[in-house]
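A look at the structure
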Amino acid sequence: QVQLVESGGGLVQAGGSLRLSCAASGDNFYISKMGWYRQAPGKERELVASITGGNRIYYIDSVKGRFTISRDNAKDTEYLQMNDLKPEDTAVYYCYITIANGGSLLNYWGQGTQVTVSS
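Residues numbered from 1 in each chain as written. Predicted model: local features only at pLDDT ≥ 70, side-chain atom pairs only at ≥ 80, totals over all residues. Heavy atoms only, no water.

**Describing the packing of aromatic side chains**
- Per the counting criterion, the structure on display carries three aromatic pairs.
- Measuring from centroid to centroid gives 5.7 Å for Y96 and W109, while their planes differ by 40°, and the two rings are tilted. Taken as a pair, Y96 in strand β9 (residues 91-101) and W109 in strand β10 (residues 104-109) lie far apart in primary sequence, 13 residues in all.
- Judged by relative accessible area, W109 falls into the partly exposed class, the value being 40%. (Phe/Tyr/Trp six-rings, centres within 6.5 Å; stacked < 30°, edge-to-face > 60°. Helix = DSSP H or I, 4+ residues; strand = E, 2+ residues; numbered from the N terminus. Buried < 20%, exposed > 50% of the residue type's maximum accessible area, 1.4 Å probe, protein only.)

Right under this line is the structure:
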């Protein structure tokens, strides 16, 4: 069993920055992939960024050049540095991890953290 705890959300003005953290805890495991989704009111959840153990990184086009995803393997923690925030970034952000366990892949989700960007 694995738990993810998110932190770092909040209210900022347009152009500001936030850094989201997502820490995984539990028994020994290997994280094969980590990332962040977001869901704005009235919209479907979308993948914002992801990173694999091989450091393959994906960003949705709307955040390229502004957001940076990273991971700290020693802490089993992923981060999303969010710069030059825009009102359209307002959403609940959910972290996830994909774990290899017994030859299968298991997905876990954080509780979500609210990011609100005011103009």
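And the narrative resumes.
**A few points about the state of the cysteines**
- In total, this model carries one disulfide according to the counting rule given.
- Across the disulfide, C22 is cross-linked to C95 (sulfur-sulfur distance 2.0 Å). Residues C22 and C95 are joined by a disulfide whose S-S torsion is about 60°; by sign, that bridge is right-handed. One end of the pair, C22, is in strand β3 (residues 18-26); the other, C95, is in strand β9, with 73 residues separating them in the sequence.
- A relative accessible area of 0% means that C22 is categorised as buried. (Disulfide = S-S within 2.5 Å.)

**Things to note about the pattern of salt bridges**
- A full pass over the atoms with the stated rule returns five salt bridges.
- A salt bridge links E46 to R38, with the nearest nitrogen and oxygen atoms 2.8 Å apart.
- In this structure E46 comes out as partly exposed when scored by relative accessible area, which is 29%.
- Overall, the relative accessible area of 6% leaves R38 in the buried class.
- Note that K86 is salt-bridged to D84, the shortest N-O span being 3.7 Å.
- Among the ionic contacts, a cluster of salt bridges with common partners joins R38, E46, R66 and D89. (Salt bridge = Lys/Arg side-chain N within 4 Å of Asp/Glu carboxyl O.)

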